[in-house]
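# Structure at a glance
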Amino acid sequence: MIGYGAILVALAGLLMTLPHFISEPYRYDNTSPGDISLTIKDPRWVGAWWLGFLIAAGSVALAAIPYFFFPKEMPKEKHELQFRRKVLAVTDSPARKDKDSPSKQSPGESTKKQDGLVQIAPNLTVIQFIKVFPRVLLQTLRHPIFLLVVLSQVCLSSMAAGMATFLPKFLERQFSITASYANLLIGCLSFPSVIVGIVVGGVLVKRLHLGPVGCGALCLLGMLLCLFFSLPLFFIGCPSHQIAGITHQTSAQPGLELFPSCMEVCSCPSDGFNPVCDPSTRVEYITPCHAGCSSQVVQDALDKSQVFYTNCSCVAEGNPVMAGSCDSTCSHLVVPFLLLVSLGSALACLTHTPSFMLILRGVKKEDKTLAVGIQFMFLRILAWMPSPVIHGSAIDTTCVHWALSCGRRAVCRYYNNDLLRNRFIGLQFFFKTGSVICFALVLAILRQQDKEARTKESRSSPAVAQQLLVSGPGKKPEDSRV
């Protein structure tokens, strides 16, 4: 089944590449004279977006081949399954039912029998499992530790889903870097830090021999440190570009204002997008037409050619403008920003192993399989599905210029960088805070349970000692149990 599942995943990856082969070629606007010469820094650059899905689908298909050579059933598991079926047949026999009727059975024995049925039923038929499923489900959902740990993992998964979906775009827009460079930095810094955090969390649990209280304390400490290192991210970023006709500032250069008189002759299309930059004032124009340019000059160099537009009536002092968006003056801040993000990711992933141990130790042995299934169901429904939608909606509210297609909003051309940073990092901070609150409640409940257990043990210890003194030397140890 694992092999067939991997093949289905590979087919899904191939289906995601179909739009590239069946759609029309990408059409650029014709707002600039001459042939369009694009570079990787141009915001209109599309690139081979489909190639990654194609390579990933091929890799998954190759990795699925060894699974088809596995046996259908492992020998040990086959014998265990036969034994459990025999046990269930004995417990369901009429003679056994008469012998173990409620009138002849103590409450403790009845509970043990139900637990045994719960333990062996998941490996049997669906009808037999349905008989015990409602009791196990309610028992699992009523467990406070289980619910709080799962809610904290939902918050962490929501943070991870938003980061994985929109972090490359955020870095590209915030620091004016290329999409390939943003993904390269994420692959070199963020993903290794996640692996390190998970491994370190498992090592700490094993080396320190952490119990439930220790695992809860480790989870809370990791999330508090992650929350602390997230605060500087609100202040690391670049200001918004100065866009003529879009960004308005009262005491700015004339290039930031609309120039209706100089653009009347040009009749510029409203849906065109071919950005040019005035290097002297660092003002960006949507198209050369919006800058009032009438001629084009191409300067050839050794590695690439640079396109300039001259005779621009709307540019201050008539300076020539160059093709492409203006470079940011703070692009170097992307590395410290991503280092802090990677450090926070490592600290958040430190909670992966201890939180999973809390779930396994917090529920009964026969309920662990169902508890893990409910956990991943909640993660998919409450985190991985709505989180990208929430992050995308928050990012769209920071757009200051939309491109129109058939009279409807198609893609955002320019964002307010300050709003973009505050809302994207603010959402991440919100989910981290929710995880901290859940882990704090988990730790408080675990400490209260540990305190009650110690109090009960201290009260029962004198009674046990007194019973041992009263019991004679000839009595067996079983006679002295309380």
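All chains use their own residue numbering, which begins from 1 and follows the written sequence. In keeping with the predicted nature of the model, local features appear solely for residues at pLDDT of at least 70, side-chain atom pairs appear and are counted solely at 80 or more, and the whole-chain, interface and lining totals rest on all residues. Excluded from the side-chain calculation are hydrogens and water; included are all heavy atoms of the structure.

The chain has the name Solute carrier organic anion transporter family member in an unreviewed UniProt entry, where Cercocebus atys is given as its organism. UniProt positions are given in the numbering used here, feature names are shortened, and annotations may be inferred rather than shown by experiment. In its Subcellular location (unreviewed entry) section, the UniProt entry covering the chain states "Cell membrane". For the chain, the Sequence similarities (unreviewed entry) comment in UniProt is given as "Belongs to the organo anion transporter (TC 2.A.60) family."

### Considering the overall build of the chain
Helix and strand labels come from DSSP, where a helix needs a run of H or I of at least four residues and a strand needs a run of E of at least two; each type is numbered from the N terminus. Each helix and strand counted, the chain has 16 helices and 8 strands in total. Across the 482 residues that make up the chain, the buried fraction comes to 35%. Note on definitions: a residue-residue contact is assigned when non-hydrogen atoms from the two residues lie within 4.5 Å. In the chain, the proportion of contacts linking residues at least 24 apart, taken out of those at least 6 apart, comes to 70%. Note on areas: Shrake-Rupley with a 1.4 Å probe; residue coverage comes only from the protein chains shown. Taken as a whole, the chain presents about 28800 Å² of accessible surface, with 65% of it coming from carbon and sulfur. Partly exposed describes any residue whose relative accessible area lies between the buried limit of under 20% and the exposed limit of over 50%, with all areas from a 1.4 Å probe on protein chains only and scaled to the type maximum.

### Here's the deal with the sheet that holds strand β4 (residues 295-300)
With mixed pairing, the 6 strands of this open sheet are ordered in space as β1-β3-β2-β6-β5-β4. Each having just a single partner strand, β1 (242-243) and β4 make up the two edges of the open sheet. Of the strand pairs in this sheet, β4 and strand β5 (residues 305-310) are connected by 6 bridges, and their pairing is antiparallel. Bridge pairing in β5 places aspartate 300 opposite serine 305. When DSSP locates at least two bridges between a pair of strands, those strands are taken to pair.

### Quick word on the layout of surface pockets
Quantified by volume, the second largest pocket comes out at close to 850 Å³. Buried and open spaces are told apart on a 1 Å grid over the protein atoms alone, a cavity being a set of points where a 1.4 Å probe fits but cannot get out and a pocket being an open set with protein on both sides within 12 Å along at least five of seven lines. Residues with an atom within 4 Å of a point are the lining residues. As for the second largest pocket, its lining consists of 37 residues, and the residues nearest its centre are Leu156, Ala160, Val194, Cys349 and Trp384. Put simply, the parts of the chain that give the lining of the second largest pocket at least two residues each are α8 (144-175), α9 (179-207), α12 (334-349), α13 (352-362), α14 (368-384) and α16 (417-470). Among the elements that make up the lining of the second largest pocket, the one with the highest residue count is α8 (9 residues). In terms of residue class, the lining of the second largest pocket is built from 22 nonpolar, 13 polar and 2 charged. Grid points are joined across faces, edges and corners, and a volume is the space filled by probe spheres set on the points. Nonpolar residues are Ala, Val, Leu, Ile, Met, Phe, Trp, Tyr, Cys and Pro. Charged residues are Asp, Glu, Lys and Arg, and all others, Gly as well, are polar.

### Section: the state of the cysteines
Cysteine sulfur atoms that pair up within 2.5 Å are treated as a disulfide. For the structure shown, the criterion picks out 4 disulfides. What pairs with cysteine 238 in a disulfide is cysteine 330, and their sulfur atoms sit 1.8 Å apart. Taken together, the residues cysteine 238 in the loop between α10 (212-230) and β1 and cysteine 330 in the loop between β6 (321-323) and α12 connect sequence positions 92 residues apart. Given a relative accessible area of 2%, cysteine 238 falls into the buried group. Cysteine 330 gets classed as buried once you look at its relative accessible area, which sits at 8%.

### Remarks on the UniProt feature "transmembrane region" (unreviewed entry) in the chain
Here, UniProt's "transmembrane region" (unreviewed entry) annotation points to residues 47-70, 145-167, 179-205, 217-237, 333-360, 381-404 and 424-446. Between the first and last C-alpha atoms of residues 179-205 the distance is 38 Å; the span itself is 100% helix and 0% strand. Strand forms 0% of residues 424-446 and helix 100%; the C-alpha atoms that close the span are 34 Å apart.

### Description of the packing of aromatic side chains
Planes of paired rings set the category: under 30 degrees apart is stacked, over 60 is edge-to-face and the rest tilted, where pairs are Phe, Tyr or Trp rings (Trp by its six-membered ring) whose centres lie within 6.5 Å. Inspection of the entire model under this criterion finds 7 aromatic pairs. Among the aromatic residues, those joined into a ring-pair cluster are Phe170, Phe175, Phe337 and Phe424.

### Details of the pattern of salt bridges
Here, a salt bridge means any side-chain nitrogen of Lys or Arg that lies within 4 Å of a carboxyl oxygen of Asp or Glu. A complete count under the given rule lists 2 salt bridges for this structure. In this structure, arginine 421 and aspartate 418 form a salt bridge, with 3.0 Å as the shortest nitrogen-oxygen distance. One end of the pair is arginine 421 and the other is aspartate 418, both in helix α16 and 3 residues apart, which spans about a single turn. Residue classification places aspartate 418 among the partly exposed residues on the basis of a relative accessible area of 35%.

### Some remarks on a nonpolar patch on the surface
Nonpolar side chains collect at one region of the surface, where Ile7, Leu8, Leu11, Leu62, Ile65, Tyr67, Phe68, Phe69 and Phe70 lie side by side and expose about 960 Å² of accessible area between them. Sort the elements by how many residues they give to the nonpolar patch and helix α1 (residues 2-16) lands first, with 3 residues. What makes leucine 8 exposed here is its relative accessible area of 58%. The patches reported here contain residues having more than 30% relative accessible area and no salt bridge. Joining distances are 9 Å for like charges and 5 Å for nonpolar side chains (Val, Leu, Ile, Met, Phe, Trp, Tyr).

### Brief notes about α10
Between its first and last C-alpha atoms α10 spans 27 Å; for 19 residues at 1.5 Å apiece the expected length is 27 Å, and the two agree. Within α10, burial applies to Cys215, Gly216, Leu218, Cys219, Leu220, Gly222, Met223, Cys226, Leu227 and Ser230. To estimate the expected span of a helix, count its residues, drop one, and scale the result by 1.5 Å.

### Thoughts on the side chain of serine 152
On the secondary structure map, serine 152 appears in helix α8. The exposure class assigned to serine 152 is buried, which follows from its relative accessible area of 0%. A polar atom in the side chain of serine 152 sits 2.5 Å from the backbone oxygen of valine 149. Ignoring any residue separated from it by four or fewer positions in sequence, one finds serine 152 in contact with Ser435, Cys438 and Phe439. Any pair of nitrogen or oxygen atoms within 3.5 Å is treated as a polar contact; in protein, a donor-acceptor pairing is required on top of that, and neighbouring residues in sequence qualify only through side-chain atoms on both sides.

### Considering the packing of α9 against α13
Helix axes are fitted only over the stretch in contact, all axes being lines through C-alpha atoms; the angle between N-to-C directions runs from 0 to 180 degrees. Where α9 meets α13, the closest approach of the two axes is 7 Å, and the angle between their N-to-C directions is 55°. Considering the angle they form, α9 stands oblique to α13. Judged by residue contacts, Ile198, Gly201, Gly202 and Val205 of α9 engage His352, Thr353, Pro354 and Met357 from α13. Broken down by class, the residue content of the contact of α9 with α13 amounts to 4 nonpolar, 4 polar and no charged. The labels follow the angle: roughly parallel below 35 degrees, roughly antiparallel above 145, roughly perpendicular from 65 to 115, and oblique for the rest.

### Observations concerning the environment of aspartate 450
In this fold, aspartate 450 is placed in helix α16. A sequence separation of 237 residues divides aspartate 450 from valine 213, and the C-alpha atoms of the two residues are 8.0 Å apart.

### Considering the confidence of the model for the chain
Along the chain, pLDDT gives the predictor's confidence residue by residue, from 0 to 100. Overall, the prediction assigns the chain a mean pLDDT of 77, with 70% of residues at 70 or greater. Every residue in residues 99-122 is under pLDDT 50, and counting partners more than four places away or in other chains gives 29 contacts. Within the model, the stretch residues 474-482 combines pLDDT values under 50 with 6 contacts to residues more than four positions away or in other chains.

### Things to note about the pairing of strand β8 (residues 408-415)
Bridge count between strand β7 (residues 399-405) and β8: 6 bridges; the pairing is antiparallel. When the sheet's bridge partners are listed, cysteine 399 is paired in β8 with tyrosine 415. A loop of 2 residues connects β7 with β8, the two strands running antiparallel in sequence, and cysteine 406 in this loop sits at a positive phi of about 60°.

### Side note on the environment of serine 328
Mapped onto the elements, serine 328 comes out in the loop between β6 and α12. Sequence spacing of serine 328 and arginine 282 is 46 residues, and the spatial spacing of their C-alpha atoms is 9.3 Å. Not counting residues within four places of it along the chain, the set of residues in contact with serine 328 comprises Phe175, Ser176, Cys238, His241 and Arg282. Separated by 3.3 Å, the side chain of serine 328 and the backbone nitrogen of cysteine 330 make a polar contact.

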